[in-house]
Amino acid sequence: MNWQNVIAFWFDELTPAQHFSKSDELDRVITTRFDDTLSAAKLGELYMWRTEPLGRLAEIIVLDQFARNIYRDDKRAFESDPLALVLAQEAIAHRLDVAMSIPQKSFLYMPFMHSESPSIHKVAVTIFDQPGLENTLNFEHKHKEIIDRFGRYPHRNSILGRRSTDQENAFLNGPNSSF
């Protein structure tokens, strides 16, 4: 298990479209190849990856992206979000993002977008606001609007066992509620 395999898989083997599409087949591939890696990451066992900027990015991808594939439609998909966010915050504080490519930065910053904290979304808008990340910034604005309106992502309510409000149900049943 090494971080280079994660980076090569995510950025070389997959297409950008695969990063954001639901696919049972891709979920199976990620589960088969990286389930043990996710388990190790959740336990903090991949700390040695953090000595390299792309190693830290790989750990974030495992915690933030692979968790969503491996645990799709399961509350465990979001369990490691706080750890991924802290790792991303530290990476930015140490300016590790400066030398990264635009696609790499996008996934380094993604834990900010996945947060249900309004204050984190204020930061997200500023970090996504840079040349090359305009499309991702547009998605961040859409995510922030939901957090500003509801204080959480209503899309997660049933998975997390949360009761939806009438306003959230109306939103979820209305047009343009999904990405």
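Relevant structure appears above.
Just so you know, these numbers come straight off a predicted model, no measurement behind them.

A. Representation of the nonpolar core within the structure. Grouped together as the largest cluster of nonpolar side chains are 45 residues, with contacts concentrated most on Val-6, Phe-9, Trp-10, Ile-30, Ile-61, Phe-66 and Phe-128. Of all the elements in the fold, those that place two or more residues in this core are α1 (3-13), α3 (24-42), α4 (53-70), α5 (81-93), α6 (102-114) and α7 (118-128). It is α4 that provides the largest number of residues to this core, a total of nine residues. In terms of nonpolar packing, the next biggest core, distinct from the first, is built from five residues, Ile-146, Ile-147, Phe-150 and Tyr-153 among them.

B. Here's a closer look at the packing of aromatic side chains. Taken as a whole, this structure holds nine aromatic pairs when the rule is applied. Taken together, a centroid distance of 5.4 Å and an interplanar angle of 90 degrees make the contact between Trp-10 and Phe-107 edge-to-face. Of this pair, Trp-10 sits in helix α1 while Phe-107 sits in helix α6; the two residues are 97 residues apart in sequence, bridging distant segments of the chain. An identical accessibility class is assigned to Trp-10 and Phe-107; each is buried. Aromatic pair Tyr-109 and Phe-128: ring centres 5.7 Å apart, planes at 85 degrees, arrangement edge-to-face. Placement of the pair is Tyr-109 in helix α6 and Phe-128 in helix α7, with a sequence separation of 19 residues. Judged by its relative accessible area of 0%, Phe-128 falls in the buried class. Taken together through their ring pairs, the aromatic side chains of Phe-9, Trp-10, Phe-11, Phe-20, Phe-34, Phe-66 and Phe-107 make up a single cluster. The ring of Phe-139 has Lys-142 lying over it, and the distance from NZ or CZ to the ring centre is 5.2 Å.

C. Structural context of the side chain of Glu-59. Secondary-structure assignment places Glu-59 in helix α4. If sequence neighbours within four positions are ignored, Glu-59 has contacts with Ala-41, Leu-46, Trp-49, Arg-50 and Leu-87.

D. Structural view of the environment of Ala-91. Mapped onto the fold, Ala-91 is located in helix α5. In this structure Ala-91 comes out as buried when scored by relative accessible area, which is 0%. Separated by 24 residues in sequence, Ala-91 and Ala-67 have C-alpha atoms that sit 20 Å apart. Look past the residues within four positions of Ala-91 in its chain and what remains in contact with it is Arg-56, Leu-96, Asp-97 and Leu-108.

Thresholds, definitions, all that
Residues numbered from 1 in each chain as written. Predicted model: local features only at pLDDT ≥ 70, side-chain atom pairs only at ≥ 80, totals over all residues. Heavy atoms only, no water. Core = buried A, V, L, I, M, F, W, Y, C linked by side-chain atoms within 4.5 Å. Buried < 20%, exposed > 50% of the residue type's maximum accessible area, 1.4 Å probe, protein only. Helix = DSSP H or I, 4+ residues; strand = E, 2+ residues; numbered from the N terminus. Phe/Tyr/Trp six-rings, centres within 6.5 Å; stacked < 30°, edge-to-face > 60°. Lys NZ or Arg CZ within 6 Å of the ring centre and 35° of its normal. Contact = heavy atoms within 4.5 Å.

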